[in-house]
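Structure at a glance
Spelled out, the chains give:
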Amino acid sequence: EVTMQPLRRYDLDAAILFSDILVVIEALGAELDMPGGKGILVVNPLLTVSEVARRIPKAVNVQKQLGHVLSAVTEIKSQL
């Protein structure tokens, strides 16, 4: 909705999609917590290189994990 408001008000040929970068981290399997007043916490952070190799998936189903972002991009493009 934040992206669409300027498009409805002004004759624009571009838009800015506001999306949290944390969706990518979550797609890679990280568990996040957002307790009030403390910011964002990674529940089980990666602490060593070996943990990165062991815990980060080799492949991610982008459509499944980030489909909502892709849908938003498609909707915004249809409005331009």
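Because the structure is a prediction, the values reported are computed rather than measured. (Residues numbered from 1 in each chain as written. Predicted model: local features only at pLDDT ≥ 70, side-chain atom pairs only at ≥ 80, totals over all residues. Heavy atoms only, no water.)

1. Focus on the side chain of threonine 3
To keep it simple, the criterion reads: Helix and strand assignments come from DSSP, with helices taken as H or I runs of at least 4 residues and strands as E runs of at least 2, each series counted from the N terminus. Counted as a polar contact is a pair of N or O atoms within 3.5 Å, where, for protein atoms, one must be capable of donating a hydrogen and the other of accepting one, and residues adjacent in sequence contribute only when both atoms are in side chains. Any two residues having at least one pair of non-hydrogen atoms within 4.5 Å are treated as being in contact.
For threonine 3, the position within the fold is in the segment before α1 (4-9). At 2.7 Å, the side chain of threonine 3 and the backbone oxygen of isoleucine 16 are in polar contact. Ignoring sequence-local partners within four residues, the contact set of threonine 3 consists of Ala15, Ile16, Leu17, Phe18 and Ile76.

2. Considering the environment of leucine 7
In plain terms, the rule: Each residue is assigned to one of three classes by its accessible area relative to the maximum for its type, calculated with a 1.4 Å probe on protein chains only: buried under 20%, partly exposed between the two thresholds, exposed over 50%.
Its place among the elements puts leucine 7 in helix α1. Under the relative-accessibility criterion, leucine 7 is labelled buried at 14%. Each C-alpha atom of the pair leucine 7 and leucine 80 lies 7.5 Å from the other, and the pair is 73 residues apart in sequence. Leucine 7 has contacts with Leu12, Ala14, Ala15, Ile76, Gln79 and Leu80, leaving out every residue within four places of it along the chain.

3. Structural notes on helix α4 (residues 62-79)
Where we set the bar: Given a residue, its bend is the angle between the two axes fitted to the seven residues that end at it and to the seven that start from it.
Largest kink in α4: about 55°, centred on histidine 68. Among all positions in α4, only Leu66, Gly67 and Ile76 are buried. The elements touched by buried residues of α4 are α1 and α2 (22-27). Regarding α4, its N-cap is asparagine 61, as a side-chain oxygen of that residue lies 3.2 Å from the backbone nitrogen of glutamine 63 further along.

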